[in-house]
Structure formats: structure tokens, C-alpha cells
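Chain by chain, the residues run as shown.
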Amino acid sequence: MTGGDIAQRVESSRFPVHRPAARHAQWHWATPQAQLLLATGDLPSILRFYRRVHGMNQTELGALLGYDKTYISALELGKRALDDIGSRRRVCDSLALPPHVLGVTDPADTDHRAMLQFGESAVRLAEIARQSGHASEAVSELWPLVARLEARIEEGHTERDVLHLLARARVGLGVALGNVLPEERLATAAHWTAKSLEIAQYFEDLDMTSYVLRMHGNELRKANLRGAAVQRLCRAAAAAPDDNARAAALPLLARAAGTLGNGELFDRVMRETDDLLSRVDHTSLFNPFSLHEIRLRGLVSTGRTGAAMRLVEHSPAPTTVVAPQWRVIELITVAHVQLLADDRNGAAQSLDVAIQEAVMQRLPHQLQRIMRTAGTRLPALRVDASQCLDQIRGEMAA
């Protein structure tokens, strides 16, 4: 199929009703139709596409580009061509087009490609840092990247790859903030993950939509918005395009269901999780150690203390793929069950180690969990955790 054939096919296709809406007009170069069209480099079709998305006539487009209506008509009909680099660069600047689409390679285009490469690396490195217990470093990596991408979009440069990168960077930033912020500020983490939902759903990308929904749902749970968390995580599981994506969403849904106190949903989701994880390789996110903690906390939250006590005795050993923060989370949950079983010495040992690890990894939310767990039964440990939390807050405010 030739470039002209593709351009004609794209132009004749019926656009989804929501695409040309004013609130999405800035994303016009990011749609699948636009991607096909831009690949052809066909200026007449590009101009007609731009007018269609923005609801402009030829006179208005001419005013934008500095030409009269007659000249725009000639360009759209292919009777005139823009042969000089300066004119093509001006069109690209005015329409927020990547310059290489019309055969222009300049420093701006080179900077754009370099930014994307840097951004992809930053997102990957931030995830590695967070998983290895250095969430604050992940925030430092992602915050300037998100700001730069959002500034570029405000300038009208909304290519598909930029929007996809921004969605993943916002999610990464939100999840990292969910590790380093105290409980009273966790809504900020949920806010950043939520900002990626519109992009994912606009592109009708099920994999990305499921990913964003599950990360957002988990941050909502941490912010104590339990009903909203369950709703988002149910949607994440429903949107999952395959078993691997569904297996990534279900444990988080089970966790949220337990926090909500919905024992029926918790049990059903855990059964499906066990079945799925026996058939797919998803140990990088949920291995037996982390699943043990989810099951343990869910049993306690749904009023089955006896079963939780019995489960503590069969805790699996952590493996090398367990993120360090999971060890802290599990220690606090085990201490909670130990206190329910009146094992103060065991609970004190668990919480003492958890405090040390939470300080090392700078996890204020987990220190707050330790304070609640210690309560009046282990007052010395509650005070220790409170003092450590104050120290971290002071460092964050400095």
C-alpha cells in the first residue's frame, strides 16, 4: 500500500465520536489514525486532518499558517507544494508537528528524540530504585521528567510516544510517592496515578488501562479510600488483556477487599489468584512471600484471627526477588497477629526490626502502621517509631 493509499484510507475512515472533542483536540497527533497519516508525510492529507479535528475552515487554517484561503486550497488539492525547508518548518511549528514528518531535521527534532530516550531510561531506573528500597531516588528521577513532559504538552507537542511516556512517568511518580509520604499526604500519590487514567483510556489500550487502574487503586487503598480502591481494582482485573495482567491485578484487589472487610470478595479473589499464579509466571510482582502477607492481613481484616494465627506459623522464607519494603510490611502484619495471640515478645521483635528497616528505607507510612500496631501494649516501640517518623518528617521539610 502506497503512502497516498494510506492517507486516503485514513481520511475516509470514520473517527470515533469522542476524538474531535475540544478537550482532546490537543492530542490530535497521538491518535492511531494520525500515526498512519503522519507516516505518509502527505501534506494535503495532514492539513485536512488538522482542520477536521479542530473544526477549522480553510480561511482559519490559512490565518494560522500565514497563507490565504486560496493557497491553503491549492496545498490541500496538491496543486501547490512547500519545497523550501523554512516553509515546512513553519508549518510544523504552527501545527505542533514533529519536524521530521515533513522532511525537516533540525535541533528541535533531535532534542525531542533525545528527551524520549532519556525519559524511557528514567522511568526504568526509577522503577528499579523503588523496587530496591530507594523510593526517594525514584521520586527525584521522575519529578523533573514529568514536569518537562507536561510543559511540552502545554506547548502543543502531543505526539503519541510523549503521552505514553507521560502516563508511565506519572504512575511511577505516584507509586514512589506512596512509599515516601506519610499517611496524611498519601492522597497526593493517588492524585498522580489518577492523572494517567485519561491518557490510557483515550487510547483504548487495555494493557495500559489495566496497569494504570491497578496502580491507582492500590494508592487509593493506601490513602484509606477503600470503596474507590476496590472499584478501580475490579476494573483493572476486568480490563486485563491476558492472564499475566489479571494475575498482577488480583492480589491488589484481594488486599483492598480485605481492607474493606469484604470477606466473600477477598476469598473469591484469593482463590482465583492462586489458580492463576499456578499457571503463569508472575513471581517478579507476587511471590509466595508477598502473597502470604496479603492473605494474612486479609484474614485479620475480615475477622478470622484464628486462621491468621495458624498461617503465621507457616510463613515462607523471603526470596531474592522480594522488594525490601515488602519485608517491612510483612513484619508489621505478623506483629499484629502475634499481639492478637498475646505473643508480646514475638511482636516486639518483629516491630523492632521493622522500625530499623523502615528508617533505612525512609518509609513514613510503615512507621505509622508500627505506631498503631504497637498501641498501648508496646508503648516503648510506639515511642521509638514516633520519634523516627518525626525525624523523617523534619528531613522532608528541610
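Residues numbered from 1 in each chain as written. Predicted model: local features only at pLDDT ≥ 70, side-chain atom pairs only at ≥ 80, totals over all residues. Heavy atoms only, no water.

An unreviewed UniProt entry lists the protein under the name HTH cro/C1-type domain-containing protein, with Streptomyces paromomycinus as the source organism.

Trainee: Sorry if this is basic, but what is going on with the overall build of the protein here?
Mentor: The helix and strand tally for the protein stands at 21 helices and zero strands. Split into buried and exposed, the 398 residues of the protein put 52% on the buried side. Taking all contacts inside the protein whose residues are at least 6 apart in sequence as the whole, residues at least 24 apart take part in 62%. When the accessible area of the protein is evaluated, it comes to approximately 18200 Å², of which 52% is carbon and sulfur surface. (Helix = DSSP H or I, 4+ residues; strand = E, 2+ residues; numbered from the N terminus. Buried < 20%, exposed > 50% of the residue type's maximum accessible area, 1.4 Å probe, protein only. Contact = heavy atoms within 4.5 Å. Areas by Shrake-Rupley, 256 points an atom, 1.4 Å probe, with all protein chains shown as cover.)

Trainee: How should I be thinking about the packing of helix α2 (residues 32-40) against helix α3 (residues 43-54) in this particular structure?
Mentor: Relative placement of two packed helices is described by the angle separating their axes and the distance separating the axes. α3 packs onto α2 with a crossing angle of 155° between their chain directions and a minimal axis gap of 9 Å. Here α2 is positioned roughly antiparallel relative to α3, judged by the angle of their axes. Two packed elements cross with a definite hand, and for α2 against α3 that hand is left-handed. Contact with α2, carried on its side by Gln33, Ala34, Leu37 and Leu38, involves Ser45, Ile46 and Phe49 of α3 and no other residues of that element. Of the residues assigned to the contact of α2 with α3, the class counts are five nonpolar, two polar and no charged. (Axes fitted to C-alpha atoms, helices over the stretch in contact; angles between N-to-C directions. Parallel < 35°, antiparallel > 145°, perpendicular 65-115°, else oblique. Left-handed = near helix turned anticlockwise from the far one by under 90°. Nonpolar A, V, L, I, M, F, W, Y, C, P; charged D, E, K, R; others polar.)

Trainee: Even after reading the chapter, I still don't get the pattern of salt bridges, so can you show me in this structure?
Mentor: Working definition: two side chains of opposite charge can pair if their charged atoms are close together. Applying the stated criterion across every chain, the model contains 18 salt bridges. The residue Arg130 makes a salt bridge to Glu127 at a minimum N-O spacing of 2.9 Å. Here the residue Arg130 and the residue Glu127 both occupy positions in helix α7 (residues 107-131), the gap between them amounting to three residues, near one helical turn. Judged by its relative accessible area of 12%, Arg130 falls in the buried class. (Salt bridge = Lys/Arg side-chain N within 4 Å of Asp/Glu carboxyl O.)

Trainee: Please explain the packing of aromatic side chains as it appears in this structure.
Mentor: Aromatic rings considered in pairs are described by the distance between their centres and by the relative angle of their planes. Here the structure, examined in full by the defined rule, presents three aromatic pairs. Look at Tyr67 and Tyr71: their rings are 4.8 Å apart centre to centre, the planes differ by 45°, and that puts the pair in the tilted class. The class of Tyr71 is buried, set by a relative accessible area of 18%. Judged by centre distance (5.4 Å) and plane angle (65°), the ring pair of Tyr202 and Phe203 falls under edge-to-face. Overall, Tyr202 belongs to the buried group, its relative accessible area being 3%. Just above the ring of Phe203 sits the side chain of Arg160; from NZ or CZ to the centre is 4.4 Å. (Phe/Tyr/Trp six-rings, centres within 6.5 Å; stacked < 30°, edge-to-face > 60°. Lys NZ or Arg CZ within 6 Å of the ring centre and 35° of its normal.)

Trainee: Please explain the UniProt feature "domain: HTH cro/C1-type" (unreviewed entry) in the protein as it appears in this structure.
Mentor: Here the UniProt feature "domain: HTH cro/C1-type" (unreviewed entry) sits at residues 47-80. When the span residues 47-80 is considered, its composition is 71% helix and 0% strand, and the gap between its end C-alpha atoms is 13 Å. (UniProt positions renumbered as here; feature names shortened; annotations may be inferred.)

Trainee: Looking at this structure, I do not really get unusual backbone geometry. What am I missing?
Mentor: Positive phi, close to 70°, is recorded for Asn224, a residue that is not glycine. Here Asn224 shows up in the loop between α12 (206-222) and α13 (226-239). Positive phi values are uncommon outside glycine, yet Arg362 reaches one of about 55°. Here Arg362 is to be found in the loop between α19 (344-361) and α20 (364-374). Taking relative accessible area as the criterion, Arg362 reaches 27% and is therefore assigned partly exposed.

Trainee: Is there a simple way to think about the environment of Ala341 in this case?
Mentor: For Ala341, the location among the structural elements is in the loop between α18 (324-340) and α19. Under the relative-accessibility criterion, Ala341 is labelled partly exposed at 40%. When the C-alpha positions of Ala341 and Met309 are compared, they lie 6.9 Å apart, and in sequence the two are 32 residues distant.

Trainee: Teacher, can you tell me more about the nonpolar core here?
Mentor: When a protein is soluble and globular, its nonpolar side chains tend to lie buried together. Grouped together as the largest cluster of nonpolar side chains are 77 residues, with contacts concentrated most on Leu142, Leu145, Leu149, Leu173, Leu177 and Leu296. Take this core: its biggest share by element is twelve residues, from helix α9 (residues 160-180). Not counting the four nearest positions on each side in its chain, Leu177 is found in contact with Val139, Trp143, Leu186, Thr188, Ala189 and Trp192. Ranked by size, the runner-up nonpolar core spans 24 residues in total, among them Trp29, Leu43, Tyr71 and Leu82. (Core = buried A, V, L, I, M, F, W, Y, C linked by side-chain atoms within 4.5 Å.)

Trainee: Honestly, the packing of α12 against α13 in this entry has me stumped. Any pointers?
Mentor: Between α12 and α13, whose axes approach to 8 Å, the crossing angle comes to 160°. It follows from the interaxial angle that α12 and α13 lie roughly antiparallel. At the point where α12 passes α13, the crossing takes the left-handed sense. Between α12 and α13, the residues in contact are Leu206, Ser210, Leu213, Arg214, His216, Gly217, Asn218, Leu220 and Arg221 and Ala228, Ala229, Arg232, Leu233, Arg235, Ala236 and Ala239, respectively. Here the contact of α12 with α13 is built from residues that sort into eight nonpolar, four polar and four charged.

Trainee: Before we go on, may I ask you to explain α13 in this structure?
Mentor: Because an α-helix packs 3.6 residues into every turn, residues spaced three or four apart end up facing the same way. A rise of 1.5 Å per residue sets the reference length of α13, with its 14 residues, at 20 Å; its end C-alpha atoms lie 20 Å apart and thus fit the reference within 8%. Every buried residue belonging to α13 is among Ala229, Val230, Leu233, Ala236, Ala237 and Ala239, and all of these are buried. Against the buried residues of α13 lie α12, α14 (243-260) and α15 (263-277). (Expected span 1.5 Å × (residues − 1).)

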